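Here's the letter readout for the chains.
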Amino acid sequence: MKYLFLAISSFLAIIAQMIAGSNFFLFNFLDLSLILIAYWAVYRSRIQALFVGSITGLLLDAVLGWPLGYNGFGKTLAAFVIGLVARRFNISEVWMRFALIVSASCLSSLSIYVLFGLMQRSYSNIFLGASLMQALITGAAGTILFAALDSYISAQAHKANQP
Amino acid sequence: VSIEIELAPKIKEGRALAVLVPLLLLNLTLLSVQVRDPAGTLLFRKWVLLAEAPIFNAASSASKTTLNLWRDYIWLHGAREENRRLQESLRQLAGQATELKQLQQENLRLRSLVTLGETIPYTTTGAHVVGRTPNYMANVLYVDRGSADGVGLDAPVLSGSGVIGRVVLVWRHNAQVQLITNPDASIGVLLDRTRTPGVLKGTGDPSLDLGYISSSEQVEVGDVVMSSGLDGIFPKGLMVGKVVESRKGSSIFRIIRVEPFADLMHIEEVSILRRETIRPPSSEDSFELKPKGSGNNDGSQ
């Protein structure tokens, strides 16, 4: 049941991203699935985050019409790195979270780029530039979303503590 | 009152790695059983062979020495026979090529006698674009027509200004279209001015590569490129794009870049050709052409 929920949440993130991207050009550069992975790695379970990364990546490959595995590999790796950093460092600082999401996004894109080379697949010259822009926009959006989530959790905790 | 945000529970490093490695391997294996190298060999098979190669080499070198003379003799004997057969077939092919050239010239002469346009009417299905992936990533889009509407696999997809791509996946009410800019896409084309055939390949960029045009050909910027019909997917005579760059390369072929006529970034509606109306080109085409507007087309082309 838990893994069905993971798959559904991944699927919804991709659908939301596609719909937003169709209507607003800039949303093409927002990687909602990576934010979902980061949420899972930071707030839930690192192990589950790896599965979310893999499932989301494979779904993304299917939607993009790519051979399955490019994004599956990249997103799983990103999930691992986010989980690892979240465990070892204090990531409550805003700038730290921003840097973490941007780095994870860059790592994901870079691994896909390397896999392209390994699989002898040609790629667009603007792939790396666009990936960097995607990383920055995703980093900013993720940081804002996480800050909002923290505020919400704090407010709920305050309410619960009041007599 | 300071409230601590509860983060993910701490997990031992080894446990995460134990999950990470199989997942990464799973993705790599998935990729390797789908992706082929330029020669068409599955990368998985290539890698397996690569791993097996040293073992094979060691085993074969043991028996190689004793069998060399005998095998070389057999091989040379076979080569002589094969050489004789190849020369014979070369002579036959040269004869066929001459015959084909004569037929082409005859076809051209007959065509000039028939006052018909190049455009052939086909049955088309109109479709809306309902989704697209960022162009720099995939160069595919989704349309709201599927097998229930008569859309078939490999059906050519057009806009008002030219070829967009072909259908690569079909569901009942939707289809996935691979744009001509996709690195996996290619079309058989010819240059309208010189009638030189070539192969147009997507690069992932907004412009396309036109390959297999000899360096001796005169190709100029602005030359119109249209489908040749030789790929068995796109019928002949569909407008594809125009040449934006043409120069001699280091190989025997020219380096030619082509810009599609269709604005692939802003497509909202497309036409999909119905497979049953598309015929492969034949030497009798000039006699089967129908005038524009006639025939059983429910859409228009």
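Residues numbered from 1 in each chain as written. Chains lettered and ligands numbered in written order. Predicted model: local features only at pLDDT ≥ 70, side-chain atom pairs only at ≥ 80, totals over all residues. Heavy atoms only, no water.

## Thoughts on the packing of aromatic side chains
Where two aromatic rings form a pair, the distance of their centres and the angle of their planes describe that pair. All names here are of chain A. Scanning the entire structure with this criterion turns up 10 aromatic pairs over all chains. Aromatic pair tryptophan 66 and tyrosine 70: ring centres 5.9 Å apart, planes at 80 degrees, arrangement edge-to-face. Here tryptophan 66 matches tyrosine 70 in class, with each residue buried. An angle of 70 degrees between the planes, with centres 5.4 Å apart, marks the rings of tryptophan 66 and phenylalanine 116 as edge-to-face. One end of the pair, tryptophan 66, is in the loop between helix H3 (46-64) and helix H4 (70-88); the other, phenylalanine 116, is in helix H5 (residues 94-118), with 50 residues separating them in the sequence. For phenylalanine 116, a relative accessible area of 3% puts it in the buried group. Among the aromatic residues, those joined into a cluster by ring pairs are Phe5, Tyr39, Trp40, Tyr43 and Phe146. When the ring centre of tryptophan 40 is taken as origin, the NZ or CZ atom of arginine 44, which lies over that ring, is 4.8 Å away. (Phe/Tyr/Trp six-rings, centres within 6.5 Å; stacked < 30°, edge-to-face > 60°. Buried < 20%, exposed > 50% of the residue type's maximum accessible area, 1.4 Å probe, protein only. Helix = DSSP H or I, 4+ residues; strand = E, 2+ residues; numbered from the N terminus. Lys NZ or Arg CZ within 6 Å of the ring centre and 35° of its normal.)

## Digging into H5(A)
Over its 25 residues, H5(A) runs 36 Å from end to end, which matches the ideal 36 Å to within 8%, given 1.5 Å per residue. A:Gln120 sits one or two positions beyond H5(A) and adopts a positive phi of about 55 degrees. (Expected span 1.5 Å × (residues − 1).)

## Quick notes on the side chain of A:Ser111
Residue and element names in this part refer to chain A. Mapped onto the elements of the fold, serine 111 is located in helix H5. Within the local environment of serine 111, its side chain forms a polar contact with the backbone oxygen of serine 108, the two atoms lying 2.7 Å apart. Each residue touching serine 111, except ones within four places of it in the same chain, is listed here: Phe73, Gly74 and Leu77. (Polar contact = N/O pair within 3.5 Å; in protein donor to acceptor, adjacent residues only side chain to side chain. Contact = heavy atoms within 4.5 Å.)

## A closer look at the interface of chain A and chain B
In this complex, chain A contributes 54 residues to the contact, which on the side of chain B involves 47 residues. Both faces combined, the contact of chain A with chain B buries some 4,300 Å², and carbon together with sulfur accounts for 65% of it. At the boundary of chain A and chain B, one finds 0 salt bridges. For the pair chain A and chain B, the interface holds 5 residue pairs in polar contact (both at pLDDT 80 or more). Elements supplying a minimum of two residues to the side of chain A that touches chain B: helix H1 (2-23), helix H2 (32-43), H3, H4, H5 and helix H6 (127-161) of chain A. Counting residues per element, the side of chain A that touches chain B draws most heavily on H4(A), at 10 residues. (Buried area = accessible area lost by both parts, 1.4 Å probe. Salt bridge = Lys/Arg side-chain N within 4 Å of Asp/Glu carboxyl O.)

## What to know about the sheet that holds strand E8 (residues 208-211) of chain B
Residue and element names in this part refer to chain B. Read around the closed barrel, the 6 strands follow the order E6-E7-E8-E11-E10-E9; overall the barrel is antiparallel. On average, adjacent strands in this sheet sit at an angle of 40 degrees to one another, irrespective of strand direction. Bridge count for strand E10 (residues 239-248) against strand E11 (residues 254-260) is 7 bridges, and the pairing is antiparallel. Across the sheet, arginine 247 pairs through a bridge with isoleucine 255, a residue of E11. (Pairing = 2+ DSSP bridges. Axes fitted to C-alpha atoms, helices over the stretch in contact; angles between N-to-C directions.)

## Quick notes on H1(A)
Helix length check: H1(A) (22 residues) gives 32 Å between terminal C-alpha atoms against 32 Å at 1.5 Å per residue, within 8%. Among the residues of H1(A), A:Leu6, A:Ser9, A:Ser10, A:Ala13, A:Ile14, A:Gln17, A:Met18, A:Ala20 and A:Gly21 are the ones counted as buried. Residues of H1(A) that are buried make contact with H2 and H3 of chain A together with strand E1 (124-132) and strand E2 (140-143) of chain B.

## Some remarks on the nonpolar core
Core analysis: the largest hydrophobic core is formed by 54 residues, its most contacted members being A:Leu50, A:Trp66, A:Tyr70, A:Ile82 and A:Ile91. Elements that contribute at least two residues to this core include exactly H1, H2, H3, H4, H5 and H6 of chain A together with helix H1 (13-32) and E2 of chain B. (Core = buried A, V, L, I, M, F, W, Y, C linked by side-chain atoms within 4.5 Å.)

## Focus on the environment of A:Ala49
All names here are of chain A. Note on placement: alanine 49 falls in helix H3. For alanine 49, a relative accessible area of 0% puts it in the buried group. Contact partners of alanine 49, with chain neighbours within four places excluded, come to Ile37, Trp40, Ala41 and Ala79.

## Brief notes about the packing of H3(A) against H4(A)
The description of two packed helices rests on the angle between their axes and on the distance between the axes. Residue and element names in this part refer to chain A. Relative orientation of the contacting elements H3 and H4 amounts to 155 degrees, with a least axis distance of 7 Å. Compared by their axis directions, H3 and H4 come out roughly antiparallel. Seen along the crossing, H3 lies across H4 with a hand that is right-handed. Taken together, the residues of H4 that come into contact with H3 (itself represented by Arg46, Ala49, Leu50, Gly53, Ser54, Gly57, Leu58, Leu60, Asp61 and Leu64) are Tyr70, Asn71, Gly72, Lys75, Thr76, Ala79, Phe80, Gly83, Leu84 and Arg87. (Parallel < 35°, antiparallel > 145°, perpendicular 65-115°, else oblique. Left-handed = near helix turned anticlockwise from the far one by under 90°.)

## A short note on the environment of A:Leu110
Relative to the helices and strands, A:Leu110 resides in helix H5. Separated by 18 residues in the primary sequence, A:Leu110 and A:Leu128 place their C-alpha atoms 7.9 Å from one another.

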